[in-house]
Amino acid sequence: MAGPFFVGVDVGTGSARAGIFDAVGTLLASRKHDIRMWRETGEIAEQSSVNIWDAVCRSVRDCVAQAGVQADQIKGLGFDAACSLVMLDGQMQPLSVSLTKDAERNVIVWMDHRAMDQAERINAAGHRVLDYVGGRISPEMQTPKLLWLKENLPENFALAGQFFDLADFLTWAATGSLTRSACTVACKWTYLGHEDRWDSSYFRQIGLEELASEDYARIGQTIVAPGTPLGNGLSDAAAKALGLRPGTPVGAGLIDAHAGGIGTVGADKDSGPEVMMGYVFGTSACTMASSVQPHFVSGVWGPYYSAMVPGLWLSEGGQSAAGEAIAHLISCHPARAEAQARADAANQTVQAYLISEAQRRCPDLSSAVTMAGARIIVPEFLGNRAPYADPHATAVVSGLTLETGFDDLLASYIAGIFGVGYGLRQIIEAQRAHDFAPHAVVISGGAGESDMMKQLLADASGVPILSITCPEPVLLGAAMLGGVASGHYGSLQDCMKTMSHIGKRFEPAGEGFARHHDARFKAYLALQHADRDLRTALKDL
Ligand SMILES: Nc1ncnc2c1ncn2[C@@H]1O[C@H](COP(=O)(O)OP(=O)(O)O)[C@@H](O)[C@H]1O
Ligand SMILES: O=C(CO)[C@H](O)[C@H](O)COP(=O)(O)O
């Protein structure tokens, strides 16, 4: 094996993974290590950047060893990560983001909703930068979280030397460069990518004036396109920890959903990336739509210029809880122990067992809708990200009976997947109302791997679902950043066309089952509406 080879690192909510690829996108090996999370009642989710970096280093070392590749054959390295907020002190050591003051807990995970109140105040002030985040800031973004830190942990906020999006922390840990990616700062920190600047009046208005007065020294002064080579490549210390060569080029990073987008939307060589919507289905679900012109769709995050595909605008929708919502549904069901025992016997995760059991019972795939019976699930356990931008939305389940058996659990599992699929359909319809609907959706993420899942999502959304040939599209997107940083490809778009290739296509079910989904989607909308009405009726109690 002559190479060149490129390594991609993906840090999701639950694990750090690494994959090694050749120059046409063939995956040679991948490995993962779980990362630790502290969850607390309320909306608290915290992690440790030391633990994350350790899991990254172990994953890279293991994957390179498994592939049998020599370090000098690896010509580039790229990182993506969930959009969590990392805080370091002036000596670049972890600084606590936690009311426990535990220094190990220096990462506010993206799904942490502690900054709801701060987000509401920012939205009420209505600054024009909000036009570029879908009209409303989300408590999952970084400026409400920074304001929470200033208001609740003022000493630590003042002591902080750097606030990073996790992907930028990882490239700093690898190279020592404080340069931020245009992806992270535009999507989560209100950087105006189309004007190449921060808006000081926003930071002054919301009460984070010091960040502007110090000229953004703690949140990013140098901002570059994803894949731009950083510093002098891998530092000696990082190279040793990763088992790679010092100086190996490292590209500016991406948010994980955006790496899924980059890994997939260039795969159709006959059309541009703007025709295909990326859909990243993991802990959360993210819709990644590119366009030549900006589209202002209320509740759909963006439009962000050049935040994913260089030169194109990105509109990002999705649901905060997707795979996580389905895992929660399973864990609440009386038959969870039986399902787990069956999965253990089959040496599978419970989700993998359930999807393969559904496929065994319905080999034609689309008839699985009959297994869901009359159960309709709006799986908004962590609010509605799009198209309502409503973090207070809650989940609704209808069609429950006194059944407690395994088949009933399977019904909830399938209905939960349809709920995720109807959320996708709703976002596509919101975009269609702005003449901006995709021709097809190309999927990535850990929850989207099986044929059954792709078919169920095609049936529920009413749009063809495509896969790419690579089994790890998010890791592929990260590795592309290393490929571009190495200079092996002329541009990220060239790299996307060369490394990513369309695999299978799943058409939405024909008339018979489409009728089921039309009716179920109407029921889904009615339940979602009922949740809003009930919350209004009960809000003063
Ligand atoms: N067959 C499946 N059905 C439903 N959910 C699944 C399935 N396989 C994986 N998941 C969910 O996908 C999520 C993990 O996706 P992955 O992309 O690997 O992680 P992350 O979102 O942390 O990057 C978990 O919430 C897991 O429960
Ligand atoms: O906000 C996001 C992208 O903009 C992601 O949902 C978040 O980063 C978590 O991703 P994952 O589900 O892969 O852990």
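Residues numbered from 1 in each chain as written. Chains lettered and ligands numbered in written order. Predicted model: local features only at pLDDT ≥ 70, side-chain atom pairs only at ≥ 80, totals over all residues. Heavy atoms only, no water.

(A) Molecular detail of the nonpolar core. Membership of the largest hydrophobic core comes to 85 residues, with the highest contact counts inside it found for Leu-149, Phe-163, Trp-198, Phe-203 and Ile-219. With near-sequence residues (within four places) excluded, Ile-219 lies in contact with Leu-146, Phe-163, Arg-180, Val-185, Trp-189, Trp-198, Phe-203 and Leu-211. (Core = buried A, V, L, I, M, F, W, Y, C linked by side-chain atoms within 4.5 Å. Buried < 20%, exposed > 50% of the residue type's maximum accessible area, 1.4 Å probe, protein only. Contact = heavy atoms within 4.5 Å.)

(B) The arrangement of the pattern of salt bridges in detail. Considering all chains together, one arrives at 30 salt bridges under this definition. Residue Glu-214 is joined to Arg-218 by a salt bridge in which the shortest nitrogen-to-oxygen separation is 2.6 Å. For Glu-214, a relative accessible area of 28% gives the class partly exposed. Among the ionic pairs, Lys-504 bridges to Asp-451, the shortest N-O distance being 2.6 Å. Placement of the pair is Lys-504 in strand β21 (residues 502-506) and Asp-451 in helix α15 (residues 451-461), with a sequence separation of 53 residues. The class of Asp-451 is partly exposed, set by a relative accessible area of 25%. Taken together, the shared-partner salt bridges connect Glu-40, Glu-46, Arg-105, Asp-112 and Arg-114 into one network. (Salt bridge = Lys/Arg side-chain N within 4 Å of Asp/Glu carboxyl O. Helix = DSSP H or I, 4+ residues; strand = E, 2+ residues; numbered from the N terminus.)

(C) View of the site of ligand 1. Close to ligand 1 lie 14 residues; Thr-13, Thr-283, Gln-351, Tyr-413 and Gly-446 are nearest. Gln-351 is positioned such that a nitrogen or oxygen atom in its side chain is 3.0 Å from an oxygen atom of ligand 1. Starting from 570 Å² of accessible surface for ligand 1 in isolation, the protein chains cover 78%. Residue assignment for the shell around ligand 1 shows that the elements contributing at least two residues are α11 (323-332) and α13 (350-361). Taken together, the residues of the shell around ligand 1 break down into four nonpolar, nine polar and one charged. (Near = heavy atom within 4 Å. Polar contact = N/O pair within 3.5 Å; in protein donor to acceptor, adjacent residues only side chain to side chain. Areas by Shrake-Rupley, 256 points an atom, 1.4 Å probe, with all protein chains shown as cover. Nonpolar A, V, L, I, M, F, W, Y, C, P; charged D, E, K, R; others polar.)

(D) Quick peek at unusual backbone geometry. Here the residue pair Gly-3 and Pro-4 is connected by a cis peptide bond, since its omega of 5° sits within 30 degrees of zero. As for its position among the elements, Pro-4 is in the segment before β1 (5-11). Following Ala-386, the chain continues to Pro-387 via a peptide bond in cis, the omega torsion being 5°. Within the element layout of this structure, Pro-387 appears in the loop between β17 (376-378) and β18 (396-398). Even without a glycine there, the phi angle at Asp-215 is positive, about 60°. You can see Asp-215 is positioned in the loop between α8 (209-213) and β11 (223-224). Phi is positive for Asp-435, which is not a glycine, with a value near 55°.

(E) Representation of the site of ligand 2 in the model. Contacts to ligand 2 come from 15 residues, most closely from Thr-13, Lys-188, Asp-256, Ser-284 and Glu-316. Note that an oxygen atom of ligand 2 is positioned 2.4 Å from one of the side-chain N or O atoms of Thr-13. The contact in question runs from an oxygen atom of ligand 2 to an N or O atom on the side chain of Lys-188, over 2.7 Å. Surface burial for ligand 2 is 94%, taken as the share of its 370 Å² of free accessible area covered by protein chains. No other element matches helix α10 (residues 256-264), which puts three residues into the shell around ligand 2. Partitioning the shell around ligand 2 into residue classes produces seven nonpolar, four polar and four charged.

(F) Region of interest: the UniProt feature "domain: Carbohydrate kinase FGGY C-terminal" (unreviewed entry) in the chain. Within the UniProt annotation, "domain: Carbohydrate kinase FGGY C-terminal" (unreviewed entry) is assigned to residues 279-485. In this annotation, residues 279-485 is assigned 40% helix and 18% strand; the end-to-end C-alpha distance for the span is 25 Å. (UniProt positions renumbered as here; feature names shortened; annotations may be inferred.)

(G) Focus on the packing of aromatic side chains. Counted under the stated rule, the structure contains 20 aromatic pairs. Arranged with centres 5.7 Å apart and planes meeting at 45°, the rings of Phe-169 and Trp-172 form a pair that is tilted. With Phe-169 and Trp-172 both in helix α5 (residues 166-175), this residue pair falls three residues apart, about one helical turn. With respect to burial, Phe-169 and Trp-172 carry one shared label: buried. Connected via pairs of aromatic rings, a cluster forms that spans Tyr-191, Trp-198, Tyr-202, Phe-203 and Tyr-216. Positioned above the aromatic ring of Trp-148 is the side chain of Arg-114, whose terminal nitrogen or guanidinium carbon lies 4.5 Å from the ring centre. Looking at Arg-532, its charged tip hangs above the ring of Tyr-388, at a distance of 4.3 Å from the centre. (Phe/Tyr/Trp six-rings, centres within 6.5 Å; stacked < 30°, edge-to-face > 60°. Lys NZ or Arg CZ within 6 Å of the ring centre and 35° of its normal.)

(H) Seen up close, the confidence of the model for the chain. Scored by pLDDT, the chain has a mean of 97; 100% of the residues are at 70 or more. No element of the chain has a lower mean pLDDT than strand β4 (residues 38-40), at 95, and none a higher one than α5, at 99. (pLDDT = per-residue confidence, 0-100.)

(I) Region of the structure containing the pairing of strand β19 (residues 440-444). Across the five residues of β19, five count as buried, placing the element largely inside the fold. Of the two faces of β19, the one lined by Ala-440, Val-442 and Ser-444 and the one lined by Val-441 and Ile-443 are each fully buried. Summarising the sheet, β19 and strand β20 (residues 465-468) pair through two bridges and their orientation is parallel. Among the inter-strand pairings, Val-441 is bridged to a residue of β20, identified as Ile-465. (Pairing = 2+ DSSP bridges.)

(J) The sheet that holds β19, seen in detail. Spatially, the seven strands line up as an open sheet ordered β15-β16-β14-β13-β19-β20-β21, and their pairing is mixed. One side of each edge strand has no neighbouring strand; the edge strands of this open sheet are β15 (301-305) and β21. Across the sheet, the axes of successive neighbouring strands diverge by a mean angle of 25°, strand direction being ignored. As paired strands, strand β13 (residues 276-281) and strand β14 (residues 285-291) are joined by four bridges and run antiparallel to one another. Bridged to Gly-278 within β14 is Met-288. With respect to the sheet, helix α16 (residues 473-486) is in contact with β13, β19 and β20, its orientation differing from that of β19 by roughly 85°. (Axes fitted to C-alpha atoms, helices over the stretch in contact; angles between N-to-C directions.)

(K) Structural view of the sheet that holds strand β3 (residues 27-34). With mixed pairing, five strands are arranged side by side in an open sheet as β3-β2-β1-β6-β12. Two strands lie at the open edges of the sheet, namely β3 and β12 (254-255), each paired on one side alone. Along the sheet, α5 contacts β1, β6 (74-81) and β12; its crossing angle with β6, the most-contacted strand, is approximately 145°. Where α16 meets the sheet, it contacts β1, β2 (15-22), β3, β6 and β12, and its direction lies at approximately 130° from that of β1.

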